[in-house]
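Listed here are the chains, written in short residue letters.
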Amino acid sequence: MVQKYQSPVRVYKHPFELVMAAYERRFPTCHLIPMFVASDVVNEESSEDGSTHRVERRCALDVDAPRLLKRIAGVDYVYFIQKNTLNRKERTLHIESHNETFSNRVIIHETCCYSVHPENEDWTCFEQTASLDIKSFFGFESTVEKIAMKQYASSIKKGKEIIEYYLKELEEEGITHVSRWTPSTISLPSSRPTSPSTNTPDIPRLAVIPAVSVPLSTEDSASQDVKLDNSLLQADSLTEILAGTPEDKLDADYIKRYLGDLTPLQESCLIRLRIWLQETHKGKIPKDEHILRFLRARDFNMDRAREILCQSLTWRKQHQVDYLLETWTSPQVLQDYYTGGWHHHDRDGRPLYILRLGQMDTKGLVRALGEESLLRHVLSINEEGLRRCEENTKVFGRPISCWTCLVDLEGLNMRHLWRPGVKALLRIIEVVEANYPETLGRLLILRAPRVFPVLWTLVSPFIDENTRKKFLIYAGNDYQGPGGLVDYIDKEIIPDFLAGECMCEVPEGGLVPKSMYRTPEELENEDVRLWTETIYQSASIFKGAPHELLIEIIDASSVITWDFDVCKGDIVFNIYHSKRAPQLPRKDPLGAHGITSPGGNNVQLIDKSWTLGQDYSMVESPLTCKEGESVQGSHITRWPGFYILQWRFHNMPACSATNLPRVDDVLATLQVSSHKCKVMYYTEVLGSEDFRTACCDVQSLGSMTSLESSHSGFSQLSAATTSSSQSQSSSMISR
């Protein structure tokens with residue numbers, strides 16, 4: 001398996017030329033890099049005007065590996081080839097390196113780049129990518145991979161200190177400025193920073209070190225000479241600057257300020273998953289904090305985190321969870337009898353939610369509201385929690401990504417173990433665990449009665465192990481002693497019902513009047529209505545049986561917009577036009593496939609007797625969409641008539657050299673159970689008048705064809721971290 005690394009953008013608040021002078025100081029030897037043994041210049045050249053300098057070196061590393069492994073490999077040092085290109089005119093340094101030793105067994109490739117900050121020419125940016133692919137290594141592949149990744153992560157962390165060390169050394173020598181290159185002043189390859197008596201030393205000669213061992217990165221030094229308030233302001237400004245770049249990259253200072261201290265490999269996972277989402281979910285990228293929660297929930301396993309995150313994004317979109325806080329109004333019975341509410345924050349600045357579960361009439365609420373209404377209310381609480389975490393992050397000046405929940409169990413008894421109530425609780429836990437991972441920082445369970453172990457036995461198997469570790473359980477009045485509540489919550493805000501001094505506005509609950517109970521039929525109908533209130537439809541697609549949607553256009557120059565997610569399998573999306581009206585929609589005879597299609601329909605409109613180019617024509621190039629991708633786009637109609645949107649099963653191409661199927665083709669086919677795919681889609685038609693009005697609103701985007709539906713349910717989780725929400729391809733199809 002290929003291991004990859006992608007760094008955030010690290011910013012040196014120093015000019016590019018001064019950073020290059022510090023970089024030069026690392027050679028010929030550097031006591032901060034003991035593993036770097038030596039390097040020999042293989043090739044070196046400069047342009048005639050001195051603006052470009054290229055150097056290639058062969059570098060030796062003394063890798064920290066077990067002696068036995070070195071003896072088996074038969075080497076003492078590992079050699080790398082590194083090619084550096086310094087462009088003084090453009091003010092960039094590009095570094096590329098790969099391993100020479102064991103190149104037929106292990107492939108290591110790394111690229112680094114120093115460049116000028118896009119918004120501040122006196123700052124220097126650094127970025128780095130690397131990959132490790134171990135083909136074979138005498139049966140020690142797993143060991144070598146662990147050694148390589150551990151040493152690489154250590155080197156990245158160590159490398160943050162190196163440039164700052166030499167920048168400080170230059171400052172102590174009185175060198176605080178290095179002149180920029182101009183055509184009239186040629187920097188010789190052998191030039192070095194001059195003595196302190198020289199005011200404008202030349203740009204230094206390019207030196208080399210294997211970037212795979214020590215990346216050229218640094219911590220932000222502003223904290224040494226800028227006050228806290230100013231540094232926070234600069235961090236906010238820097239975030240806005242970098243978030244507005246075309247690449248929409250993450251800055252290391254932003255990560256530390258808003259997301260917390262991450263290891264280099266954790267940073268890499270976040271950035272790589274974010275890039276993948278940008279490529280496949282245009283306009284619907286969740287905030288970085290949200291992505292990070294899913295990575296933490298899966299111990300930064302990229303594939304596992306990506307899977308559950310995509311499932312959650314589809315779930316949010318289908319049920320319009322992004323708009324829950326705007327559209328959901330709690331029924332009066334919840335306002336009166338639901339014994340939960342927000343109450344200040346804990347000692348760590350986390351929002352504090354209090355739930356008096358022992359005083360809650362769970363049976364009465366379920367009978368009066370139904371399971372789905374309770375679930376939607378709990379989801380609104382979680383959405384509010386996310387919002388409060390963002391607010392507290394700004395207020396306290398440090399990352400706050402989760403909240404604390406205090407559960408008071410006084411009054412809990414056997415009536416709380418009513419089977420439908422427990423079923424509703426388990427359903428709520430299941431949904432919350434799947435879609436709000438790592439949002440609970442601590443759960444304080446107070447005054448647990450004797451019946452609590454029974455309830456715990458029922459619900460604990462449905463709670464993630466990492467979540468269970470955050471539970472603190474107190475029986476009786478134990479919470480009032482040492483190690484109790486006061487260790488986590490300031491004494492001044494402990495609620496009055498827990499012997500505190502703070503008045504708490506959480507409802508006291510009580511029994512729900514039976515007059516408010518509803519019949520099972522009423523509750524069932526209400527539950528169906530709640531979770532079918534969605535603008536999206538689902539469709540199943542089979543091999544040989546596409547799903548087709550008919551749109552009749554009266555006025556030319558209307559706009560057909562679409563927004564769909566590929567939930568399962570790979571599909572091909574097509575748009576056709578016909579002057580003839582298709583036959584009435586016919587359901588695919590699923591019996592031919594031996595399966596049913598729950599939760600999705602399958603409609604076919606194009607008659608098998610129709611001929612492409614005569615009876616109907618293709619108006620957009622086919623678009624192949626992979627499982628997990630989200631696609632939005634629009635098409636300006638040229639003619640009135642009937643337009644057919646088609647999603648069909650994607651057949652893997654056969655190998656051109658032989659008629660035999662490839663192994664990859666067979667495996668890909670087997671991955672789609674029974675040749676079935678599934679999409680969730682929404683379409684909308686804008687009339688020509690509406691289109692012209694919309695065009696006036698999007699002229700600033702530079703393209704009148706990059707139009708999207710205003711009701712497509714794009715995730716509000718993306719509000720602060722994405723800037724690419726427009727359809728950009730010529731066919732007006734975007735992912």
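In the block above lies the structure referred to throughout.
Worth saying up front: this structure is predicted, and the values here are computed from it rather than measured.

Attention shifts here to unusual backbone geometry. The backbone of Gln-320 shows a phi angle near 55°, a positive value even though the residue is not glycine. By secondary structure assignment, the location of Gln-320 is in the loop between α8 (302–318) and α9 (324–327). Relative accessible area serves as the criterion here: at 26%, Gln-320 is assigned to the partly exposed category. Of note, the phi angle at Ser-557 is positive, near 70°, even though the residue is not glycine. In this fold, Ser-557 is placed in the loop between β15 (547–553) and β16 (559–568).

Time to look at the nonpolar core. Ranked by size, the top nonpolar core spans 49 residues in total, and within it Tyr-338, Leu-365, Leu-374 and Leu-409 carry the most contacts. Taken together, the elements giving at least two residues each to this core come down to α10 (332–337), β10 (351–355), α11 (362–369), α12 (371–396), β11 (403–408), α13 (419–435), β12 (440–448) and α14 (452–459). Once you skip the residues sitting within four places of it in the chain, Tyr-338 turns out to touch Val-333, Tyr-353, Leu-355, Met-360, Leu-365, Leu-374, His-377, Val-378, Ile-381 and Pro-507. Counting residues in each nonpolar core, the second largest holds 39 residues, with Leu-18, Cys-59, Phe-102 and Phe-137 among its members.

A word on empty space enclosed by the protein. Inspection of every chain in the model, using the stated rule, returns 3 cavities of 30 Å³ or more. Quantified by volume, the second largest cavity comes out at close to 100 Å³. In this structure, the second largest cavity is lined by 12 residues; those nearest its centre are Glu-289, His-290, Arg-293, Leu-386 and Glu-390. When residues in the lining of the second largest cavity are grouped by element, the largest group, 4 residues, is from α12. In terms of residue class, the lining of the second largest cavity is built from 5 nonpolar, 3 polar and 4 charged.

Following the criterion strictly, the structure yields 18 aromatic pairs and no others. Ring geometry for Tyr-254 and Tyr-258: centres 5.4 Å apart, planes at 35°, overall tilted. With Tyr-254 and Tyr-258 both in helix α5 (residues 252–259) and 4 residues apart, the pair spans about one turn of that helix. With relative accessibility at 9%, the residue Tyr-254 sits in the buried group. Judged by its relative accessible area of 16%, Tyr-258 falls in the buried class. Ring centres of Phe-564 and Trp-647 lie 5.7 Å apart, and the angle between their planes is 85°; on these two criteria the pair is classed as edge-to-face.

The next thing to look at is the side chain of Asp-408. Tracing the backbone through its elements, the reader meets Asp-408 in strand β11. Given a relative accessible area of 1%, Asp-408 falls into the buried group. In contact with Asp-408, not counting residues within four places along its chain, are Leu-355, Arg-356, Leu-357, Gly-358, Leu-446, Arg-447, Phe-497 and Leu-498.

Reading guide: rules and limits
- Residues numbered from 1 in each chain as written.
- Predicted model: local features only at pLDDT ≥ 70, side-chain atom pairs only at ≥ 80, totals over all residues.
- Heavy atoms only, no water.
- Helix = DSSP H or I, 4+ residues; strand = E, 2+ residues; numbered from the N terminus.
- Buried < 20%, exposed > 50% of the residue type's maximum accessible area, 1.4 Å probe, protein only.
- Core = buried A, V, L, I, M, F, W, Y, C linked by side-chain atoms within 4.5 Å.
- Contact = heavy atoms within 4.5 Å.
- 1 Å grid on protein atoms, 1.4 Å probe; cavity = no way out; pocket = protein on both sides within 12 Å on 5 of 7 lines; lining within 4 Å.
- Points joined across faces, edges and corners; volume = space filled by probe spheres on them.
- Nonpolar A, V, L, I, M, F, W, Y, C, P; charged D, E, K, R; others polar.
- Phe/Tyr/Trp six-rings, centres within 6.5 Å; stacked < 30°, edge-to-face > 60°.

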